[in-house]
Amino acid sequence: MAINRTSSHGEWSSRTAFILAATGSAVGLGNIWKFPYITGENGGGAFVLIYILCVLFIGIPIMLAEVYLGKRGRLNPIASIKYIADRENRSKNWQLIGLIGIVAGILILSYYGVIAGWTMAYTVRTAFGTLNNIDALGAASMFADLVSDPERLLAWHTIFSIITAIVVAKGVKSGLESAVVRLMPALLVLLLALVIFSAIEGDFYNGFKFMLYPDFSQVTWTTVLIALGQAFFSLSLGMGALMVYGSYLSSEISIPQTCVIVASLDTIVALLAGLAIFPIVISSGLEMTQGPGLIFQTLTVAFGAMPGGQLFGTLFFILLIFAAWTSSISLIEPMIIWLIEKYNISRIKAAIIAAGTAWLLGIGTIISFNVGSEIKIFNMTIFEFLDYLTSNILLPMGGILITIFVGWLISKENIDSELKIKSRVLKASWYFSTRILAPIAVIIVMLNALGFSTNIFL
Ligand code: PHE
């Protein structure tokens with residue numbers, strides 16, 4: 001077996017290209033839409049702190065492990081793991097990791113596309129000046145109006161699914177690199193501008209305090225599980241996305257540094273989004289706990305009030321669509337290359353099948369905001385259930401299996417020769433986290449949040 005195998009789907013042109021693509025995957029609706037609203041629902045500062053700890057001690061180590069698997073396997077997630085398991089004389093049942101990932105990716109994409117559709121609708125509204133001088137009440141009823149209309153949601157969801165399918169049909173790398181390099185910095189600049197606006201116009205002191213002052217009295221195991229799930233979701237972990245992107249890495253590129261850069265950028269964007277949103281939520285009398293509509297209602301109030309808000313808001317939503325789009329490409333790519341490699345079909349066919357599946361499943365999310373809002377699975381709407389199942393169960397489960405597989409079942413020499421972590425302290429910390437801390441922490445949090453008590457540990 002040749003040592004320097006490459007992926008048959010091509011390679012990134014440089015390290016920067018990989019960083020950009022991985023950041024494009026990580027930074028998305030998870031940072032700007034989901035992070036603020038779940039922070040709002042879970043009490044603020046303590047949640048943010050737990051989230052950051054999860055990123056540092058669990059997320060980053062798993063990210064290294066996942067990219068390692070992809071870079072070594074060079075195939076779709078299922079086949080990559082099987083290839084590595086074979087070489088390490090381990091059971092081929094570990095392929096399950098890849099399967100969980102592919103399923104999770106499509107399930108996430110099914111509702112991700114619907115929310116991306118909201119972003120598209122808001123781009124049009126902002127561009128046409130519908131938001132000018134809107135107040136909090138107006139913003140709330142405008143949001144309610146949109147989500148109560150299944151036809152409109154379906155139309156936007158369909159458009160988003162088609163765009164995603166077209167890009168992946170062309171191949172991930174053509175176009176993606178050059179687009180990310182321009183648009184990501186632009187998104188960051190607009191986000192900073194929003195933070196400044198919100199510092200001047202919003203209740204910055206209280207918004208800031210809400211987000212950064214930890215009040216542990218509200219923290220339960222469920223809070224911790226949600227923070228953990230969000231770390232997986234936001235860093236695109238546990239579902240094969242980074243495995244696939246890792247498989248396009250050329251062999252001489254170092255994994256650890258690149259992962260730390262991607263995780264830091266992702267966390268900065270989420271924190272900035274929070275700082276931009278909370279001061280406005282407070283100053284305009286909106287509810288912290290209003291859920292998935294939070295950014296759409298606060299941002300519209302902000303854009304409606306700011307000078308040049310029409311142009312600025314339009315640009316912001318366009319960039320958000322773009323961020324959602326680069327993430328959705330990575331959600332669908334594992335299934336696409338699996339279809340191509342397994343069934344020997346063309347990329348175009350694979351793109352149609354995968355995007356079509358996510359589109360069809362997305363109808364469940366669409367109706368959960370209107371005609372089907374009464375349909376409950378374990379007391380959750382279809383959207384809430386899909387989100388809970390993927391973020392809080394499937395991704396962490398994929399993560400545990402990855403840490404056990406990489407941490408315990410692959411020979412140390414093989415890992416060391418690939419990861420090449422020079423500092424002894426960092427290397428020992430990575431092993432400690434991958435072998436012990438991450439799997440045990442994730443298992444304890446999941447068991448407790450799901451109602452099984454592990455009192456011995458507390
Ligand atoms: N990380 C993306 C976001 O924050 C979503 C995502 C999850 C992408 C899992 C790929 C895999 O929006």
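Above this note sits the structure.
Residues numbered from 1 in each chain as written. Predicted model: local features only at pLDDT ≥ 70, side-chain atom pairs only at ≥ 80, totals over all residues. Heavy atoms only, no water.

**Q** When you look at the overall build of the chain in this model, what are you seeing that I'm missing?
**A** Looking only at helices and strands, one finds 18 helices and zero strands in the chain. What you see for the chain is a C-alpha radius of gyration of 21 Å, in line with the 23 Å of a compact globule of 458 residues. Each principal axis of the C-alpha atoms in the chain carries an extent, and together these give about 65 × 55 × 40 Å. Across the 458 residues in the chain, those meeting the buried criterion constitute 60%. Put simply, 82% of the contacts in the chain that link residues at least 6 apart link residues at least 24 apart. Of the accessible surface of the chain, which amounts to about 17800 Å², a share of 67% is contributed by carbon and sulfur atoms. (Helix = DSSP H or I, 4+ residues; strand = E, 2+ residues; numbered from the N terminus. Rg over C-alpha atoms; globule rule 2.2 N^0.38 Å. Buried < 20%, exposed > 50% of the residue type's maximum accessible area, 1.4 Å probe, protein only. Contact = heavy atoms within 4.5 Å. Areas by Shrake-Rupley, 256 points an atom, 1.4 Å probe, with all protein chains shown as cover.)

**Q** For this particular structure, what's the right way to read helix α12 (residues 255-283)?
**A** Given 3.6 residues per helical turn, the α-helix brings residues three or four places apart onto the same face. Over its 29 residues, α12 extends 43 Å from the first C-alpha to the last, a length consistent with the 42 Å expected when each residue adds 1.5 Å. Phi for G285, located one or two positions after α12, is positive at around 70 degrees. (Expected span 1.5 Å × (residues − 1).)

**Q** Sorry, what's going on with the environment of I100 here?
**A** Turning to its location among the elements, I100 is positioned in helix α5 (residues 96-127). Since its relative accessible area comes to 8%, I100 is described here as buried. Taking the C-alpha atoms as reference points, I100 and T390, separated by 290 residues in sequence, lie 9.7 Å from one another. When neighbours within four sequence positions are excluded, I100 is seen to be in contact with L394, M397 and L401.

**Q** What is the right way to look at the environment of D416 in this model?
**A** Structurally, D416 is set in helix α17 (residues 412-419). Note: C-alpha distance between D416 and G238 (178 residues apart in sequence) is 22 Å. When residues no more than four places from it in sequence are discounted, the contact partners of D416 are K427 and Y431.

**Q** Can you walk me through helix α15 (residues 347-368) in this structure?
**A** Between the first and last C-alpha of α15 there are 32 Å, a value that for 22 residues agrees with the 32 Å anticipated at 1.5 Å per step. Along α15, the positions that sit buried rather than exposed are R347, A350, A351, A354, A355, A358, G362, G364, T365, I366 and S368. Residues of α15 that are buried make contact with α5, α7 (150-170), α14 (309-343) and α16 (382-409).

**Q** Just to check I follow, could you spell out the site of the ligand for this structure?
**A** Near the ligand you find 14 residues, and of these A26, G30, Y112, F233 and M239 are the closest. The fraction of the free accessible surface of the ligand (320 Å²) that becomes covered by protein chains is 100%. Every element with two or more residues in the shell around the ligand is listed here: α1 (15-26), α2 (29-41), α10 (221-234) and α14. Its residues placed into classes, the shell around the ligand shows six nonpolar, eight polar and no charged. (Near = heavy atom within 4 Å. Nonpolar A, V, L, I, M, F, W, Y, C, P; charged D, E, K, R; others polar.)

**Q** Is there a simple way to think about the nonpolar core in this case?
**A** Nonpolar side chains in soluble globular proteins tend to end up buried together. L69, W118, F316 and F405 are the most contacted members of the largest nonpolar core, which has 168 residues in total. Here this core gets 18 residues from one element, more than from any other, and that element is α14. Setting aside residues up to four positions removed in sequence, F316 forms contacts with I32, L190, L191, L194, L299 and F303. (Core = buried A, V, L, I, M, F, W, Y, C linked by side-chain atoms within 4.5 Å.)

**Q** Would you explain unusual backbone geometry in this entry?
**A** Most peptide bonds are trans, and most residues other than glycine sit at a negative phi. The backbone phi angle of N133 is positive, close to 60 degrees, even though this residue is not glycine. Within the fold, N133 resides in the loop between α5 and α6 (136-147).

**Q** Explain the pattern of salt bridges here, please?
**A** Oppositely charged side chains are able to pair whenever their charged atoms sit close together. The full count for this structure, using the stated rule, is six salt bridges. Salt-bridge contacts for K71 lead to E418; the nearest nitrogen and oxygen are separated by 2.9 Å. With a gap of 347 residues between them, K71 in helix α3 (residues 45-73) and E418 in helix α17 connect regions that are remote in the sequence. Neither residue differs from the other here; K71 and E418 are each classed as buried. Between R152 and D149 there is a salt bridge, with the nearest N and O atoms lying 3.1 Å from each other. D149 sits in the partly exposed class, given a relative accessible area of 23%. (Salt bridge = Lys/Arg side-chain N within 4 Å of Asp/Glu carboxyl O.)

**Q** What is the right way to read the packing of aromatic side chains from this model?
**A** Note on aromatic pairs: each is described by the distance of the centres and the angle between the planes. This structure, assessed with the given rule, holds 27 aromatic pairs. On the numbers, 5.3 Å between centres and 80 degrees between planes, the contact of W12 with Y245 is edge-to-face. Taken as a pair, W12 in the segment before α1 and Y245 in helix α11 (residues 241-247) lie far apart in primary sequence, 233 residues in all. Lying across the ring of Y431, K412 places its NZ or CZ 4.6 Å from the centre. (Phe/Tyr/Trp six-rings, centres within 6.5 Å; stacked < 30°, edge-to-face > 60°. Lys NZ or Arg CZ within 6 Å of the ring centre and 35° of its normal.)

**Q** Please explain the packing of α3 against α17 as it appears in this structure.
**A** Helix-helix packing: each pair is described by the crossing angle between the helix axes and the interaxial distance. The geometry of α3 relative to α17 is characterised by a closest axis approach of 11 Å and an angle of 95 degrees between their N-to-C directions. Taken together, the axis directions place α3 and α17 in an arrangement best described as roughly perpendicular. For the pair formed by α3 and α17, the contact residues are L64, Y68, K71 and R72 on the first element and N414, I415, E418 and L419 on the second. Of the residues that constitute the contact of α3 with α17, the class distribution is four nonpolar, one polar and three charged. (Axes fitted to C-alpha atoms, helices over the stretch in contact; angles between N-to-C directions. Parallel < 35°, antiparallel > 145°, perpendicular 65-115°, else oblique.)

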